[in-house]
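Topology and contacts: notes
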Amino acid sequence: MTAVGTPARETRLPGAAPLLVLASALVMAALVLLPLLVVFGDAFAKGVPKYLAAIADPDAVSAVKLTLLVAAIAVPLNAVFGVAAAWCIAKFDFRGKGALLTLIDLPFSMSPVVSGLVWVLLFGAQGWFGDWLIEHDVKIIFATTGLVLATILVTFPFVARELIPLMQDQGSDEEAAALTLGASGFTTFVRITLPNIRWALLYGVLLCNARAMGEFGAVSVVSGHIRGLTTTLPLHVEVLYNDYDFVGAFAAASLLASLGLVTLVLKTGLEWRHSGELSANRRH
Amino acid sequence: MNSQPTEDTEGRTGAAGGLSLDIRNISKSFGRFPALNDVSLQARDKEFLALLGPSGSGKTTLLRVLAGLERPDAGEVRFGGEDFLSIPVRRRRVGMVFQHYALFRHMTVAQNIAFGLTVRPRRERPSKSETADRVADLLKLVQLEDLGGRFPAQLSGGQRQRVALARALAIEPRMLLLDEPFGALDAQVRRDLRRWLRELHDRAGVTTVFVTHDQEEALDLADRVAILKDGRLVQLGAPNEVYEHPADPFVYDFLGAACRLPGTVSDGRLTVADWETRAPKDAPSGAVEVFFRPDEVMFAPLDGSGLAGEVKAVVQRGPDARVECLIEGRLFELQARGPTLPNGVAPGLAVRVKPLRPHVYPKP
């Protein structure tokens, strides 16, 4: 992902390097820094009290709570799924391994809207299980369950993708050694496998969480935009913006932006301190 | 161990019988690749057995079958009278040393060594101080007293290897399995560790099976050597026995440098080009392949007996010399020891080369 450390080469144009750096810095400033400043600028445009009021708004609070709830369910589940998937792919040989790998990557290559739509097609009123669900009074679409399902699907690859190269690189000799020394499978997993992947796992969970909290497309399809009930923070931003409530929209957006900044700091810290224990593909 | 009375009794029965490890008709394939093909071999109690073969010969697979890390497709393994294959890895109590040591990278040396003790069921687990004492003893045994607090990444290859061995010995293994134990070490460390390992084996008194592709190591270290090729056991015997009587051309070739020439055997006489000699015992009749070691030859003047050859180059090194010699249109690199090299052997000279101990195998 981050392609650092490519050796510096002699350039034929001596002035080119600083120019390129300057150009990239300008583009970054225009495309990333400026919008970020605008978010915070507009959020505080009418003063701090208005900002605080916008955040304390009951709908905003429930949106934050819902976002946290969805992430709190989706992220741990994806951490477990991700570890399991990476474990079986990295440590065992079986038929259909390539297909499984492709399948894990599918959410990355698919539009999030489709990831949301599949749940509507399955569980929506007109969906495959629609009649049965209505009969039994189970609500999935336009409810928290749907949001969780959509989020899980979209964020599935993060943990697995992070762990697979690392676990393949580490091989299974240490686990085999633990077994011959008398450890059970569970003990081996807890005392050998997990410690060996802990930082990569944390890294994957971090990315997964950032996406889970920031996801818009997939949850937008299944949410139904019921204010205070099924709007997560990103949806809440959109709803307020469509209502011309700019302070409210940007205040909520500033929360998301802060989440992004915190994630970035933690991620950089991890890369800096534990680069050796993260994926092999990031090590070079 | 008092808590496992049945195992102990059976173990002793096996020891009394002298036969400790009995491998019968083991086959194992990975997909379509047959890694082991009907391998049977036995080891006596406390024996030091080497599995020798080129890469892909199945030796490591056999070791992993013994450890319980691979399940064979067919065959039987008995150890100390027990059906070994029905025992899961963690209850076999085999001490395995992996080729790349497989030390737990996030644990210190002391924690690595203690691991096997700390994962025991609570009833059998030694106390903290007992564990610490045991670790200290083992560190002393492998001569790493001061390194208990280090992490594997902070050790040299030889040190890691000894930690791996100490970790395997900590569980008081009934059998020690070593996968290319010296594979990743440089020549000097190798030689030192080799002697040390043999002493350790003799003191610990456990049946040891080790895998190597280095014939010198196997011949030097083991009580008996099992030579594998393409998943089959080709020969099993004491080092001297297999060296003196290689079962087939492959073994002859694998155990040391070999020169080969075509020949014929009839009426107990061996003829190679214009040289005729008494055929070795049990030599097959008809067209044969004649093998001899490049350092087991005698040089003679042209009127003597032996294969006619022409010296191409002589490289003298102390009392010994490497003599490049053209025999029957092929160039051989022969080794001449001081007394076997007559004076005046020089490039361009026609000589006779007499193989001292030719081996004869039927032509394939």
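Not measured: the values here are computed from a predicted model.

**What about the domain arrangement of chain B?**
Residues and elements named next belong to chain B.
- Taken domain by domain, chain B comprises domain 1 (19-254) and domain 2 (259-362).
- Between domain 1 and domain 2, the C-alpha centre-to-centre distance is 40 Å.
- With eight residues of domain 1 in contact, the opposing surface of domain 2 contributes six residues.
- Buried surface at the junction of domain 1 and domain 2, summed over both partners, amounts to about 850 Å²; 47% is from carbon and sulfur atoms.
- When the buried surface of domain 1 facing domain 2 is broken down by residue, Y243, P249 and Y252 rank first, second and third, together holding 71% of it.
- Scanning the region where domain 1 abuts domain 2 turns up one salt bridge.

**Quick notes on the pattern of salt bridges**
- By the definition in use, this model includes 33 salt bridges over all chains.
- When the shortest N-O distance is used, the salt bridge between A:R227 and A:D243 registers 2.4 Å. Here the residue A:R227 occupies a position in the loop between α11 (217-223) and α12 (233-242), and A:D243 occupies one in the loop between α12 and α13 (246-274), the gap between them amounting to 16 residues.
- Owing to a relative accessible area of 41%, A:R227 belongs among the partly exposed residues under this scheme.
- Note that B:E70 is salt-bridged to B:R64, the shortest N-O span being 3.4 Å.

**Quick word on the interface of chain B and chain A**
- The interface is formed by 21 residues belonging to chain B together with 18 residues belonging to chain A.
- At the boundary of chain B with chain A, total buried surface from both sides reaches about 1800 Å², with 63% on carbon and sulfur atoms.
- In terms of surface lost to chain A, no three residues of chain B exceed B:R90, B:R105 and B:H106, which account for 33% of the buried area on that side.
- Scanning the region where chain B abuts chain A turns up one salt bridge.
- For A:E174, the salt bridge is made with B:R105, and the minimal N-O distance between the two is 2.7 Å.
- The interface formed by chain B and chain A contains five residue pairs in polar contact (both at pLDDT 80 or more).
- Broken down by secondary-structure element, the contributors of at least two residues to the side of chain B that touches chain A are α2 (59-67), α3 (89-92), β6 (94-97), α4 (109-118) and α6 (157-170) of chain B.
- At three residues, α4(B) tops the list of elements feeding residues into the side of chain B that touches chain A.

**Section: empty space enclosed by the protein**
All names here are of chain A.
- Scanning the entire structure with this criterion turns up two cavities of 30 Å³ or more.
- In this structure, the largest cavity spans a volume of roughly 40 Å³.
- Around the largest cavity sit T67, V70, T151, A212, M213, E215, V219, T232 and P234, which together line it.
- Along the lines of polarity and charge, the residues of the lining of the largest cavity split into five nonpolar, three polar and one charged.
- For the second largest cavity, the calculated volume is near 30 Å³.
- Lining the second largest cavity, in full, are A54, I55, A60, L233, G248, A251, A252 and L255.
- The dominant element in the lining of the second largest cavity, judged by the number of residues it contributes, is α13, at four residues.
- Classifying every residue of the lining of the second largest cavity gives seven nonpolar, one polar and no charged.

**Focus on the packing of aromatic side chains**
- What the rule picks out here adds up to 17 aromatic pairs over all chains.
- For the ring pair B:F291 and B:Y361, a centre distance of 5.5 Å and an interplane angle of 80° mean the geometry is edge-to-face. In this pair, B:F291 sits in strand β14 (residues 286-292) while B:Y361 sits in strand β20 (residues 359-362), placing the two residues 70 residues apart along the sequence.
- On the basis of relative accessibility, which here comes to 0%, the residue B:F291 falls in the buried class.
- Residue classification places B:Y361 among the buried positions, given a relative accessible area of 7%.
- A network of ring pairs unites the aromatic residues A:W87, A:F92 and A:F189 as a single cluster.
- Across from the ring centre of B:F84, 4.9 Å away, lies the NZ or CZ of B:R92, which sits over that ring.
- Taking NZ or CZ as reference, B:R167 lies 4.4 Å from the ring centre of B:F104, over its face.

**Considerations on the sheet that holds strand β8 (residues 207-212) of chain B**
Residues and elements named next belong to chain B.
- As summarised here, the arrangement of the six strands in space is β6-β7-β8-β3-β9-β10, forming an open sheet in which the pairing is mixed. Whereas interior strands pair on both sides, the edge strands pair on one side only; in this sheet they are β6 and β10 (232-237). Each neighbouring strand pair of the sheet contributes to a mean axis angle of 15°, computed without reference to strand direction.
- Note that β6 and strand β7 (residues 175-179) share four bridges and pair parallel. What sits directly across from V94, in β7, is M175.

Rules of the game
Residues numbered from 1 in each chain as written. Chains lettered and ligands numbered in written order. Predicted model: local features only at pLDDT ≥ 70, side-chain atom pairs only at ≥ 80, totals over all residues. Heavy atoms only, no water. Domains from an automatic or database assignment. Contact = heavy atoms within 4.5 Å. Buried area = accessible area lost by both parts, 1.4 Å probe. Salt bridge = Lys/Arg side-chain N within 4 Å of Asp/Glu carboxyl O. Helix = DSSP H or I, 4+ residues; strand = E, 2+ residues; numbered from the N terminus. Buried < 20%, exposed > 50% of the residue type's maximum accessible area, 1.4 Å probe, protein only. Polar contact = N/O pair within 3.5 Å; in protein donor to acceptor, adjacent residues only side chain to side chain. 1 Å grid on protein atoms, 1.4 Å probe; cavity = no way out; pocket = protein on both sides within 12 Å on 5 of 7 lines; lining within 4 Å. Points joined across faces, edges and corners; volume = space filled by probe spheres on them. Nonpolar A, V, L, I, M, F, W, Y, C, P; charged D, E, K, R; others polar. Phe/Tyr/Trp six-rings, centres within 6.5 Å; stacked < 30°, edge-to-face > 60°. Lys NZ or Arg CZ within 6 Å of the ring centre and 35° of its normal. Pairing = 2+ DSSP bridges. Axes fitted to C-alpha atoms, helices over the stretch in contact; angles between N-to-C directions.

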